[in-house]
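The chain contents come next:
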Amino acid sequence: MPDDTRQALRHLFDTAVAAADPMVSIPGNFPDRPKGRLIVIGAGKASARMAEAVESQLGPCEGLVITRYGYDRPCQGIAIAQAAHPVPDAAGVTATVQMLDMLSGLGPDDLVLALISGGGSALLCAPAGQITLAEKQAVTAALLASGAPIDQMNIVRKHLSRVKGGQLAATAAPASMLALVISDVAGDDLAYIASGPTVGDDSTAADAKVILTKYKIEVPQSVRDVLDGETGVLPILHPVFDSVENRIVAAPSQSIEAAKALAQTWGYSVQILGDDLEGEARDLAVSQAKQATDIAQSLACTDPPVLLLSGGECTVTRRGNGTGGPNAEFMLSAAIALNANPAIHAIACDTDGVDGAAEVAGAIIGPDTLARAAIRDLDPVAALANNDAHTFFADIGDQVVTGPTLTNVNDFRAFLILPPVVLPSVV
């Protein structure tokens with residue numbers, strides 16, 4: 001059992017990330033070589049690493065994948081394009097057009113191997129109708145700040161796109177397609193991973209308009225025109241999907257289980273609260289902090305440490321102008337709720353190494369977090385109100401910075417609850 005709680009929590013997070021490494025999850029899922037051409041495409045934060053894994057087994061391949069800036073990998077034949085995330089940019093549009101051109105004109109003897117992971121919604125960008133990139137960027141930014149859950153955001157994204165909601169698969173027809181998918185969404189719903197470029201969706205343009213209204217997002221006339229017409233999203237039972245297979249190769253549950261297995265070797269008692277939890281980050285933090293506090297009050301000195309694990313994807317409704325992300329905001333809210341409880345330590349990080357738009361995975365807290373903040377004259381309540389959790393944790397040295405992890409199976413959260421210490425009696 002590790003003596004240092006911070007190192008233990010970080011090791012658990014690193015184990016969760018390692019379990020989702022495409023080099024581990026991709027092998028064993030390769031198709032037989034087709035009679036015709038094999039084209040490898042992909043989009044997402046893990047797509048370049050997935051392409052690297054493919055070529056480590058199959059050798060040089062023809063293709064193109066789009067990943068986030070800084071997430072490229074050396075490949076032998078597959079071209080790696082880098083673009084912006086979470087708000088798309090011109091590089092993403094250019095690469096998406098190149099990908100669509102690559103898929104056009106394929107025949108029934110050809111096979112497309114699609115490598116899909118979280119982040120593909122922004123990286124795979126081809127605005128529908130007369131929507132400009134600037135308009136798409138504005139709508140995306142507004143959605144991200146609205147507090148809308150990812151499935152709601154992705155419904156809107158699909159109906160404003162020429163590639164999402166099964167349209168990428170349709171472009172490749174009549175070629176067959178095998179999509180290898182790394183899940184970053186609650187419930188591993190393929191329709192919402194990267195906005196489902198290889199699967200159909202039964203949502204409608206009317207649904208997208210309802211979401212925009214609900215979250216009070218103003219849109220330009222070009223967006224209204226697209227949503228007033230027939231968008232290109234394909235229904236789930238469209239015949240094009242008869243030649244498409246979607247296969248999840250890594251998911252949040254596998255990473256949570258890997259962390260659990262490690263913790264159990266240390267003698268921890270582990271409870272998994274769920275791998276698909278959603279909601280406002282600060283509210284979920286208060287709820288889990290209460291669970292941890294209740295457990296701490298019930299532990300005897302002879303009990304083993306208790307570890308609470310959870311995954312999923314929290315959201316943040318932007319109220320201030322600070323720098324933050326859902327994991328850092330979760331930790332800041334938890335620190336306030338725990339109020340320096342001496343028994344509880346915690347970590348929350350995004351497995352892709354990026355929490356929100358910052359190059360920070362998340363944060364780690366302990367019983368001394370608030371005291372160290374007070375020494376620096378930092379107000380955690382004010383920081384939370386301003387959505388400024390990254391600045392808060394940077395100032396006290398409690399950020400978790402990993403750099404690109406080359407995978408993405410959503411958020412990882414852990415509360416470590418230690419039993420009370422028996423102090424020696426004084427004679």
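One structure accompanies this document, and this report is about it. (Residues numbered from 1 in each chain as written. Predicted model: local features only at pLDDT ≥ 70, side-chain atom pairs only at ≥ 80, totals over all residues. Heavy atoms only, no water.)

Inspection of the entire model under this criterion finds 17 salt bridges. A salt bridge links Lys158 to Asp201; its shortest N-O distance comes to 2.5 Å. With Lys158 in helix H7 (residues 150-159) and Asp201 in the loop between strand E5 (176-182) and helix H9 (205-214), the pair connects residues that are 43 residues apart, well separated along the chain. Just as Lys158 is buried, Asp201 falls in that class too. Here Lys290 makes a salt bridge to Asp294, at a shortest N to O gap of 3.0 Å. Of this pair, Lys290 and Asp294 both sit in helix H12 (residues 281-298), four residues apart, roughly one helical turn. In this structure Lys290 comes out as exposed when scored by relative accessible area, which is 53%. Sharing partners across several salt bridges, the network here consists of Arg6, Asp368, Arg372 and Asp398. (Salt bridge = Lys/Arg side-chain N within 4 Å of Asp/Glu carboxyl O. Helix = DSSP H or I, 4+ residues; strand = E, 2+ residues; numbered from the N terminus. Buried < 20%, exposed > 50% of the residue type's maximum accessible area, 1.4 Å probe, protein only.)

To continue, consider the layout of surface pockets. Computed from the structure, the largest pocket encloses a volume of approximately 810 Å³. Along the wall of the largest pocket there are 44 residues; nearest its centre are Pro86, Leu144, Pro326, Gly356 and Ala357. Elements that contribute at least two residues to the lining of the largest pocket include exactly helix H5 (120-123), helix H6 (133-146), H7, strand E8 (306-315) and helix H13 (326-338). Here the lining of the largest pocket is built from residues that sort into 20 nonpolar, 15 polar and nine charged. (1 Å grid on protein atoms, 1.4 Å probe; cavity = no way out; pocket = protein on both sides within 12 Å on 5 of 7 lines; lining within 4 Å. Points joined across faces, edges and corners; volume = space filled by probe spheres on them. Nonpolar A, V, L, I, M, F, W, Y, C, P; charged D, E, K, R; others polar.)

What follows concerns the sheet that holds strand E12 (residues 411-417). Reading across the sheet, the six strands line up as E7-E8-E12-E9-E10-E11 and stay open at both edges, with mixed pairing between neighbours. If you trace the sheet from one side to the other, it starts and ends with strand E7 (269-280) and strand E11 (399-400), each paired once. Inspection of the sheet shows strand E10 (residues 362-365) paired to E11 by two bridges, in the antiparallel sense. Across the sheet, residue Gly362 finds its bridge partner in E11, namely Val400. The sheet strands contacting helix H11 (residues 252-265) are E7, E8 and E12, and the helix crosses E7 at an angle near 150°. (Pairing = 2+ DSSP bridges. Contact = heavy atoms within 4.5 Å. Axes fitted to C-alpha atoms, helices over the stretch in contact; angles between N-to-C directions.)

This part is about the nonpolar core. The tendency in soluble globular proteins is for nonpolar side chains to be buried side by side. Among the nonpolar cores identified, the biggest contains 56 residues, and Ile41 and Val112 are the most heavily contacted of them. Discounting chain neighbours no more than four positions away, the residues touching Ile41 are Leu64, Val65, Met99, Met102, Leu103, Val112, Leu113, Ala114, Leu115, Leu168 and Met177. Counting residues in each nonpolar core, the second largest holds 35 residues, with Ala292, Ala383, Phe393 and Ile396 among its members. (Core = buried A, V, L, I, M, F, W, Y, C linked by side-chain atoms within 4.5 Å.)

Our next topic: the packing of helix H1 (residues 5-19) against H11. Two elements in contact, H1 and H11, have axes whose closest approach is 8 Å; the angle formed by their N-to-C orientations is 135°. When the interaxial angle is binned, H1 and H11 end up oblique. Regarding H1 and H11, the two cross each other, and that crossing is right-handed. Packed against H1, whose contacting residues are His11, Leu12, Thr15, Ala16 and Ala19, the element H11 presents Gln254, Ser255, Ala258, Ala259, Leu262 and Ala263 at the interface. Taken together, the residues of the contact of H1 with H11 sort by class into seven nonpolar, four polar and no charged. (Parallel < 35°, antiparallel > 145°, perpendicular 65-115°, else oblique. Left-handed = near helix turned anticlockwise from the far one by under 90°.)

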